[in-house]
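Structural overview
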Amino acid sequence: MKNTWIGDVQSGQHDNKEVELKGWVKRSRGSNKIRFLVLRDSTGTIQCVAKRDALGDESFEEIKSALIESSIILKGMVNVDERSEGGHELVVTSVEIIGPVNPETPFPITESAMAAADGGETEFLLDNRHLYLRTSRMTTMLKIRSSVFGAIHSYFRDLDFLEYQAPNFVAGAVEGGSTLFEVPYFGKKAYLTQSWQLYAEAAMPALERLYTIAPSFRAEKSRTRRHLTEFWHAEMEVAWATNDEIMNHGEGVVRHISSTLLDERSDELESLGRDLDLISRFADSPYPRMRYDEAVETLQGLGVEIEWGQDLDYSKEKVLTQDFDVPHFLTHYPKIAKPFYHRVDPDDEKYVLCHDLLAPEGYGEIIGGGERTWSEEEILARIDEEGTPREPYQFYIDTRTYGGVPHGGFGLGVDRVCSWLSGADHIREVIPFPRDSRRVTP
RNA sequence: GCCGAUUUAGCUUAGCUGGUGGAGCGUGGGACUGUUAAUCCCAAGGUCAAGGGUUCGAACCCCUUAAUCGGCGCCA
């Protein structure tokens with residue numbers, strides 16, 4: 001165990017006291033008589049000063065030999081000193097190298113590699129992801145990610161939602177069949193799940209308010225800054241709810257995530273160059289709602305070529321969201337653009353009761369959801385109309401056969417939210433080991 | 001799947017109309033008692049992605065292949 005954290009030292013909790021610091025060498029510089037070693041742990045960094053006179057030749061040579069990313073235990077006195085970054089420094093009295101780094105195989109990630117990564121990750125950094133994780137940029141992203149996950153859990157749990165788990169091996173598709181990963185399953189075929197939704201609908205009559213955060217898999221060869229083949233999907237399902245009520249939750253959770261980040265991660269957001277006033281607007285301002293038809297008219301007004309009935313692809317979302325300063329909902333898409341489980345609008349059968357939440361700054365879709373087709377008669381009609389086989393969905397149809405009720409839910413791309421709120425250049429930057437169509441390693 | 005681009009030392013890169021590949025970081029050695037990505041000196045480290053072609057001569061021109069990057073479609 002360790003009992004002294006660098007973050008606490010930097011906040012003044014150990015001034016003028018003797019402490020033992022355990023961490024990794026971030027940087028080392030100095031002369032043959034004095035060394036400045038910057039030590040890093042999960043809570044921060046601190047400059048440690050070692051003088052040959054005070055320390056003795058043996059320990060001084062040892063501290064000199066500690067290459068970058070060696071793990072090390074240092075004892076010493078905490079001094080308040082404005083010459084040191086963070087205002088504190090450790091005057092070293094003893095040195096113990098725990099995990100030395102061999103000079104023949106120095107830590108491969110250098111300043112130049114990091115500088116190049118600022119405008120997007122290089123192949124080298126992706127190949128060395130296991131080591132890149134411990135750099136300040138990735139550490140920052142992972143801390144933000146942790147807070148986003150925590151905020152999603154607390155939003156739903158505070159509202160008495162129950163966390164519920166669905167299988168990851170499934171037999172049928174939620175989205176189009178071409179995007180399923182097929183896996184051999186004892187002589188049969190199975191697929192990796194694309195969504196928790198269908199299995200959540202089965203539990204809806206039991207739990208009524210349920211949610212999850214789980215991985216979903218899509219075999220899309222998308223090469224964009226918003227796509228992964230394995231991504232973390234926050235999904236919820238509520239009985240007796242309308243499209244508007246589901247949207248209230250979508251807005252609620254994104255606002256809660258934003259305010260949680262402001263509480264817990266404002267330093268990290270600022271270090272990424274994020275404007276905190278902007279994040280405050282995501283936390284405080286209402287999210288406007290616009291029907292699909294209005295969006296099409298707006299786009300046509302801007303000279304974008306689009307026909308009614310087309311789904312809105314990213315190029316159109318981007319045009320639409322560029323001037324927004326808060327997320328917007330798009331609702332009531334044409335039936336022909338959406339799969340069978342979306343409920344047809346009883347007021348106008350051309351549309352379905354659905355919504356997408358588009359993040360501003362040109363980011364695009366972060367939530368997709370809506371009311372579900374809930375009567376047995378309608379679900380069978382919609383499945384047949386689409387030409388989807390009934391057989392893999394028999395369990396799903398049964399949920400309507402026995403006491404179907406109006407209900408709905410949404411799926412939120414957690415990695416997308418992390419990427420958007422942190423201002424990352426690419427979704428890969430916010431997940432520790434990104435998976436895309438060309439990479440499953442390390 | 002389609003379109004565009006890239007590939008030079010461990011990393012980041014320079015390399016002109018084709019004429020014996022330079023640097024910074026990192027590593028090793030040396031100097032320096034307050035450095036902030038320390039600085040200064042020295043050294044090691046390259047079949048220029050792979051294969052083929054044109055040429056007296058190719059990192060550079062042409063062809064093939066591979067890997068990677070960016071964008072599109074699709075979506076969270």
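Below, the structure is looked at part by part. (Residues numbered from 1 in each chain as written. Chains lettered and ligands numbered in written order. Predicted model: local features only at pLDDT ≥ 70, side-chain atom pairs only at ≥ 80, totals over all residues. Heavy atoms only, no water.)

Describing the pairing of strand β14 (residues 354-359)
Most of β14 is tucked away, with six of its six residues classed as buried. Side chains of β14 alternate between two faces, with C354, D356 and L358 and H355, L357 and A359 buried alike. Taking the residues between adjacent antiparallel strands as the criterion, β14 and strand β15 (residues 364-371) are bridged by four residues, where E361 takes a positive phi near 60°. (Buried < 20%, exposed > 50% of the residue type's maximum accessible area, 1.4 Å probe, protein only. Helix = DSSP H or I, 4+ residues; strand = E, 2+ residues; numbered from the N terminus. Pairing = 2+ DSSP bridges.)

Thoughts on the sheet that holds strand β1 (residues 18-30)
On the basis of which strands lie adjacent, the closed barrel formed by five strands has the order β1-β2-β3-β5-β4 and mixed pairing. Neighbour to neighbour, the strand axes of the sheet diverge by 55° on average, direction disregarded. As paired elements, strand β2 (residues 34-41) and strand β3 (residues 44-51) share eight bridges and run antiparallel to each other. Its bridge partner being in β3, L37 is matched across the sheet by C48. (Axes fitted to C-alpha atoms, helices over the stretch in contact; angles between N-to-C directions.)

With respect to the packing of helix α8 (residues 197-207) against helix α15 (residues 394-401)
Relative placement of two packed helices is described by the angle separating their axes and the distance separating the axes. Where α8 meets α15, the closest approach of the two axes is 9 Å, and the angle between their N-to-C directions is 30°. Taken together, the axes of α8 and α15 lie roughly parallel to each other. Note on packing geometry: the crossing formed by α8 with α15 is left-handed. Residue-level inspection shows Q197, L198, Y199, E201 and A202 of α8 in contact with α15, the latter providing F395, Y396, T399 and R400. (Parallel < 35°, antiparallel > 145°, perpendicular 65-115°, else oblique. Left-handed = near helix turned anticlockwise from the far one by under 90°. Contact = heavy atoms within 4.5 Å.)

Here we look at empty space enclosed by the protein
Sizing a probe to match a water molecule and rolling it over the atoms shows the empty space that remains. Scanning the entire structure with this criterion turns up three cavities of 30 Å³ or more. The space that makes up the second largest cavity amounts to roughly 50 Å³. For the second largest cavity, the full set of lining residues is A166, P167, N168, T193, S195, W196, A214 and P215. For the lining of the second largest cavity, the residue count by class is five nonpolar, three polar and no charged. (1 Å grid on protein atoms, 1.4 Å probe; cavity = no way out; pocket = protein on both sides within 12 Å on 5 of 7 lines; lining within 4 Å. Points joined across faces, edges and corners; volume = space filled by probe spheres on them. Nonpolar A, V, L, I, M, F, W, Y, C, P; charged D, E, K, R; others polar.)

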